[in-house]
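Structural overview for review
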Amino acid sequence: VNESGETPLFKEKFADWTDMRPPTDFSKPVTSGVAGKREQKDVDVNALLKDPTNPADRPVDDGSGKLKIWRINNFEKEDIPADTYGHFYAGDSYLILY
């Protein structure tokens, strides 16, 4: 049951029931809350990517660091071969050193 959408059969079970708001008049067209059309403008994506003015938009790292991954097996580190890096399995725990 939606809030304030109770049926009359449900409401009649309560002697002290009071409506908090008047019934909705569906005869009037609803105009409030509707966004107006806006003119679409072209965006130069290349110009946006050239100079990120916000420091948060710049990469923190260039990706040139070394990567080492271990899988935790019985509370011990177990080496993972480099050719399987990026393959992670549900229920396993991994330790990643960058």
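Notes on the structure follow. (Residues numbered from 1 in each chain as written. Predicted model: local features only at pLDDT ≥ 70, side-chain atom pairs only at ≥ 80, totals over all residues. Heavy atoms only, no water.)

1. Some thoughts on the overall build of the chain
Quick note on the threshold: Put simply, DSSP H or I for four residues or longer makes a helix, DSSP E for two residues or longer makes a strand, and each gets a number counted from the N terminus. Using a 1.4 Å probe on the protein chains alone, a residue whose accessible area is under 20% of its type maximum counts as buried, one over 50% counts as exposed, and one in between counts as partly exposed. When checking whether two residues touch, look at their non-hydrogen atoms; a contact exists if any pair is within 4.5 Å.
Counting its secondary structure elements, the chain contains two helices and three strands. Going residue by residue from the N terminus, the α and β elements of the chain occur as α-α-β-β-β. Across the 98 residues that make up the chain, the buried fraction comes to 5%. Within the chain, contacts between residues at least 6 apart in sequence are counted, and of these 37% link residues at least 24 apart.

2. Re the pattern of salt bridges
What counts, and what does not: Throughout this description, the term salt bridge denotes a Lys or Arg side-chain nitrogen within 4 Å of a carboxyl oxygen of Asp or Glu.
Within the structure shown, the criterion is met by three salt bridges. The partner of D79 in a salt bridge is K68, with the nearest N and O atoms 3.5 Å apart. Placement of the pair is D79 in strand β2 (residues 76-79) and K68 in strand β1 (residues 68-73), with a sequence separation of 11 residues. A residue is classified by how much of its surface remains accessible, and D79, at 52% relative accessible area, is exposed.

3. As for the sheet that holds β2
In plain terms, the rule: For two strands to pair, DSSP has to find at least two bridges joining them. An axis is simply a line fitted to the C-alpha atoms; with a helix, the fit covers only the stretch in contact. Between two such axes, the angle follows the N-to-C directions and lies from 0 to 180 degrees.
Strand order in the open sheet formed by three strands is β2-β1-β3, with antiparallel pairing between adjacent strands. Strands with a single pairing partner mark the edges of an open sheet, and in this sheet they are β2 and β3 (93-97). For this sheet, the mean angle separating the axes of adjacent strands, direction not counted, is 35°.

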